[in-house]
Amino acid sequence: MQKYKKFKKVMWVSTMVCLVFTGAGSFAGCGGDSGDIVKEPENGGNAADGMTGSDKDRAMGRYLEEKLTVPKDCEGISSLQVMEDGSLEMLVRNSDYQLVLYKSTDQGKTWQEEEKLESLFGLEEDSFYNVALGKDGSILGGVFIENESDTVGMDYYYCPTGGEGRKLELGNAVDGTFAWSMAIGTNGNLFLQLTGKGILEIDPADGSVVHEYEKGKHTDYMGVTSEYLTVIADGDVRYYDIASGKPADGGEALTEQLKKTPSNLEFGNSFGTSLMFMDGDEEGTLFYVDSTGLYRYAFGGNVIEQVIDGSLNSLNSPNKAFNCITQDKDGKIYLGVSDYDSGTMGGELLSYTYSADTPTVPDTELTIYSLEDNSSIRQAVALFQKKYPDIYLTVETGMTGDDGVTRTDALKTLNTEIMAGKGPDILIMDGISSDAYVEQGMLEDLSGVLKDAGILFNIQDTYTEADGSIYEMPVKFGIPMMEGQKEDVDGVTDLTSLADVAEKHKDEYGLSDENLYRFPFAYSLYSKALLEQFTDNNSAAWMKSDGTLDEEKVKEFLEQMGRIYQAGKDGAEEVKATYPQAFDESEQPDYVRSYGIAGENVALFSGNCLFAVGGVFSPYDFASVVSFSELTENQEYKLWNGQASDYYILVNKISVSSKSAQKEKALEFVKYLFSEEGQQISKNDGFPVVEKVYDGDDYWNLGEEGTVLASGGGTNNLTGQETNYEIKVPSADQINEFKKLGKTLTTPILDNGIITSAVCENGVRYLNGEIGLEEAVNAVIQQVNLYLAE
């Protein structure tokens, strides 16, 4: 595993080397001509007088992240600039979808409201789709032109510094399209990224087109700096010199580096983008930020300098999207982001300030192992490192999905490394059975660090050994639910009765006269996804008390799943035959547990399926369950018990290796995860296991009762009528009853990926008619025993 060793990484494009050093408040570039080597000072710092002791023996200095205050009710930061006098101005969208101009004269500590944008231009509230601020305080905005049924274009409004707002007359250059992105250049011109028509540079004085880029083409992204326009389109990157409007030379190294992060080439979403560009510090340079950090590039050069390492802050957090970036005269960087994984999406303002007294590389380095990529743990790592800058955490994934490594391969490698003392410090045990690890003394006792955490009794009791030791603990948990018509839901008490109800409605499945389809479950079209969907609900019953696999329970599971699949099979075949282009049997979708029941509720509401079944992992998920039950007559929800009863779904089950050389620091991360802050990092990946947080109003707060959180609509597959839905905040009584339910669950799912994979793999062959029931069960037993023997 490659370790981070330098404050500035050098991105290799050729065999040349360029090491650079950045001083406080500025960005230093590579000196000399191509091929020159500028070496970093031996101590990695400024070689300042007075530096003694251990400071002389290690590199010092890096940028530290700080979360700044934002105006109350800030749902997103649309644009941000540093003015000539050093003040900050930003355009904020509030919960009423209004855009408001704010100003700060103390580097973002406090904000004063200046003006609502709509009133500046004399427009109705919530008019603007997107906006941009210029460095001189000028403002540009776009408002959709709509008829009764569609959006037909966009009007553009501009206000120069100290002037009056007016509508721009741009002629037919923008007819029939709209700008989904816009910017004001340092030259005062306006840049409009139009849908399907390239990018226009416009003189705001008379509305004339100054330059036209990528004419008539679709573009995915544009980044405007003082000298360059960077365009991403068709999976490639192109650069233009703004002064001439012609292609700019010398960006090959930058293109190669940008392409190393696939998300950089993807179309942005409604929250923001994964890539932003900023003015350079010298002529011919620019900066850019993505999930891996902030970089400097000099056009014509072969080296990209990493100024900020994204793994040491929240830049690499998977729940962040970038909205705007700027830098003040002191070298402080400001980044506006959207946090879209918090349950209540909002805008955040981050700053990055150079600290000469902070070690370039943290003193302690820890490795976290997860069998599969884990976005919630990466998010926790980013926030932990911000809180504890002396600890550096690396997340290592056993299966990337691209390298052909199987679950068995990954676990064998992990076991070998742990036994050799080279394994990870911290393990995320999702999908990994801990039995053998505990028996061989490979896991550290967590009872000491968790004794004051206040974990829910029903969950902590499950993982507490007879002697009081604790070797693993889920950080969060999910609650399995089912929803459907009252008569059907009442008729389900276990997996067998669910199959009975599914068969009862067999004649309803398939295509209707209006070519609308309906199935027992959302995943009934695909045998693999259907089995994966029901694994959680039943796997807790598959193990005997002596720790061996219960063959009869596995057989029962496959038999009942066969009944459910066969009940909907004729209808599924009918749909596949009618729409063959939509169903590729060689590429069956995977069931994603973390999606929860919310998406299936939409399918249930639309009449696509008989039941919605799945995990409830967040207050929003529960709001979805309640809202859809109230929207549809005679619909209800309840705890879903399959072959096992009163079970809960594990999320991020964590352990610490007893072989770790940094056990105390590893336990510090565990302690953080079970702190109040750690338990509330995200609101959509599982319920907190710490009782104080689980019971607290802050975690469950989605707004006032009845507040609309989301809405949508479509055609109901049973009636053929157009239907609309709104997901609203439940009542306090409904939330309290659900919280009580969570405390009654006493059985964790079988979190053993080897067994569940064996059941699903052979179950697919059984459901598809390739093998019989007995042969499928025997194959499962043989596969599991082979792994255990190895």
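Coordinates for the structure precede this section.
Predicted, not measured: the structure shown is a model, and the values here were computed from it.

Thresholds, definitions, all that
- Residues numbered from 1 in each chain as written.
- Predicted model: local features only at pLDDT ≥ 70, side-chain atom pairs only at ≥ 80, totals over all residues.
- Heavy atoms only, no water.
- Pairing = 2+ DSSP bridges.
- Helix = DSSP H or I, 4+ residues; strand = E, 2+ residues; numbered from the N terminus.
- Axes fitted to C-alpha atoms, helices over the stretch in contact; angles between N-to-C directions.
- Salt bridge = Lys/Arg side-chain N within 4 Å of Asp/Glu carboxyl O.
- Buried < 20%, exposed > 50% of the residue type's maximum accessible area, 1.4 Å probe, protein only.
- Phe/Tyr/Trp six-rings, centres within 6.5 Å; stacked < 30°, edge-to-face > 60°.
- Lys NZ or Arg CZ within 6 Å of the ring centre and 35° of its normal.
- Parallel < 35°, antiparallel > 145°, perpendicular 65-115°, else oblique.
- Left-handed = near helix turned anticlockwise from the far one by under 90°.
- Contact = heavy atoms within 4.5 Å.
- Nonpolar A, V, L, I, M, F, W, Y, C, P; charged D, E, K, R; others polar.
- Core = buried A, V, L, I, M, F, W, Y, C linked by side-chain atoms within 4.5 Å.
- Polar contact = N/O pair within 3.5 Å; in protein donor to acceptor, adjacent residues only side chain to side chain.

### Considerations on the sheet that holds strand β6 (residues 112–116)
Moving on, step 1. Overall, antiparallel pairing links the four strands, which are arranged β3-β4-β5-β6 in an open sheet. What marks the edges here is a single partner per strand, and that holds for β3 (74–82) and β6. Along the sheet, successive strands turn relative to each other by an average axial angle of 30°, direction set aside.
Moving on, step 2. Sheet topology note: the strand β5 (residues 99–104)/β6 ladder contains four bridges and is antiparallel. Each bridged residue has a counterpart across the sheet, and for tyrosine 102 the counterpart in β6 is glutamate 113.

### Description of the pattern of salt bridges
Moving on, step 1. The tally for this structure, following the rule as stated, stands at 33 salt bridges.
Moving on, step 2. Residues lysine 135 and aspartate 279 are paired through a salt bridge, measuring 3.5 Å at the closest nitrogen-oxygen approach. One end of the pair, lysine 135, is in the loop between β7 (128–133) and β8 (139–146); the other, aspartate 279, is in strand β19 (residues 276–279), and 144 residues separate them in sequence.
Moving on, step 3. A residue is classified by how much of its surface remains accessible, and lysine 135, at 35% relative accessible area, is partly exposed.
Moving on, step 4. A residue is classified by how much of its surface remains accessible, and aspartate 279, at 18% relative accessible area, is buried.
Moving on, step 5. The shortest N-O distance in the salt bridge between lysine 167 and aspartate 155 comes to 3.6 Å. Here aspartate 155 lies in strand β9 (residues 151–159) and lysine 167 lies in strand β10 (residues 166–167), a separation of twelve residues in the sequence.
Moving on, step 6. Under the relative-accessibility criterion, aspartate 155 is labelled partly exposed at 22%.

### Points about the sheet that holds strand β24 (residues 333–339)
Moving on, step 1. Read across the open sheet, the four strands follow the order β2-β25-β24-β23; overall the sheet is antiparallel. The open sheet has two free edges, formed respectively by β2 (60–68) and β23 (320–327), since each of these has just one partner strand. If you compare each strand with its neighbour and ignore which way they point, the axes differ by 30° on average.
Moving on, step 2. Here seven bridges tie β24 to strand β25 (residues 346–359), and the two strands are oriented antiparallel to one another. Its bridge partner being in β25, leucine 335 is matched across the sheet by leucine 350.

### A few points about the packing of aromatic side chains
Moving on, step 1. Under the criterion given, the structure shown has 36 aromatic pairs.
Moving on, step 2. In this structure, arginine 93 packs its charged tip against the face of tyrosine 97, placed 3.9 Å from the ring centre.

### A short note on the packing of helix α13 (residues 619–631) against helix α18 (residues 732–742)
Moving on, step 1. Two elements in contact, α13 and α18, have axes whose closest approach is 11 Å; the angle formed by their N-to-C orientations is 120°. Taken together, the axis directions place α13 and α18 in an arrangement best described as oblique. In the crossing of α13 with α18, the sense of the turn from one axis to the other is right-handed. For the pair formed by α13 and α18, the contact residues are Phe622, Val626 and Glu630 on the first element and Gln734, Ile735 and Phe738 on the second.
Moving on, step 2. Here the contact of α13 with α18 is built from residues that sort into four nonpolar, one polar and one charged.

### Focus on the side chain of serine 434
Moving on, step 1. Looking at where serine 434 falls in the secondary structure, it is placed in the loop between β28 (426–428) and α5 (435–439).
Moving on, step 2. Accessibility expressed as a relative area gives 7% for serine 434, which makes it buried.
Moving on, step 3. Look past the residues within four positions of serine 434 in its chain and what remains in contact with it is Met429, Leu443 and Glu472.

### Here's the deal with the pairing of β19
Within a regular strand, the side chains alternate between the two sheet faces.
Moving on, step 1. Both β19 and strand β20 (residues 285–290) contribute to a ladder of four bridges, which runs antiparallel. Looking at β20, one finds that aspartate 279 is bridged to leucine 286.
Moving on, step 2. Taken together, β19 and the strand that follows it, β20, pair antiparallel across an intervening segment of five residues, in which glycine 284 is found at a positive phi of about 80°.

### Examining the environment of leucine 414
Moving on, step 1. Locating leucine 414 in the fold gives a position in helix α4 (residues 407–419).
Moving on, step 2. Leucine 414 gets classed as buried once you look at its relative accessible area, which sits at 2%.
Moving on, step 3. Separated by 16 residues in the primary sequence, leucine 414 and glycine 398 have C-alpha atoms spaced 8.0 Å apart.
Moving on, step 4. Each residue touching leucine 414, except ones within four places of it in the same chain, is listed here: Tyr369, Pro424, Leu427, Ile432 and Tyr437.

### A short note on the nonpolar core
Moving on, step 1. In terms of nonpolar packing, the biggest core is built from 104 residues, with Leu498, Phe534, Leu558, Phe611, Phe669 and Phe674 touching the most fellow members.
Moving on, step 2. Contact partners of leucine 498, with chain neighbours within four places excluded, come to Met482, Val492, Phe521, Phe534, Ile564, Phe611 and Trp640.
Moving on, step 3. Grouped together as the second largest cluster of nonpolar side chains are 35 residues, Leu286, Phe287, Ile308 and Leu335 included.

### Details of the environment of asparagine 94
Moving on, step 1. By the secondary structure assignment, asparagine 94 is in strand β4 (residues 88–94).
Moving on, step 2. Owing to a relative accessible area of 11%, asparagine 94 belongs among the buried residues under this scheme.
Moving on, step 3. For the pair asparagine 94 and glycine 346, spaced 252 residues apart in the sequence, the C-alpha separation amounts to 9.2 Å.
Moving on, step 4. Residues within four places of asparagine 94 in sequence aside, it is in contact with Asp73, Glu75 and Val100.
Moving on, step 5. A distance of 2.9 Å separates a polar side-chain atom of asparagine 94 from the backbone nitrogen of glutamine 98.

So yeah, pure geometry; function would need other evidence.
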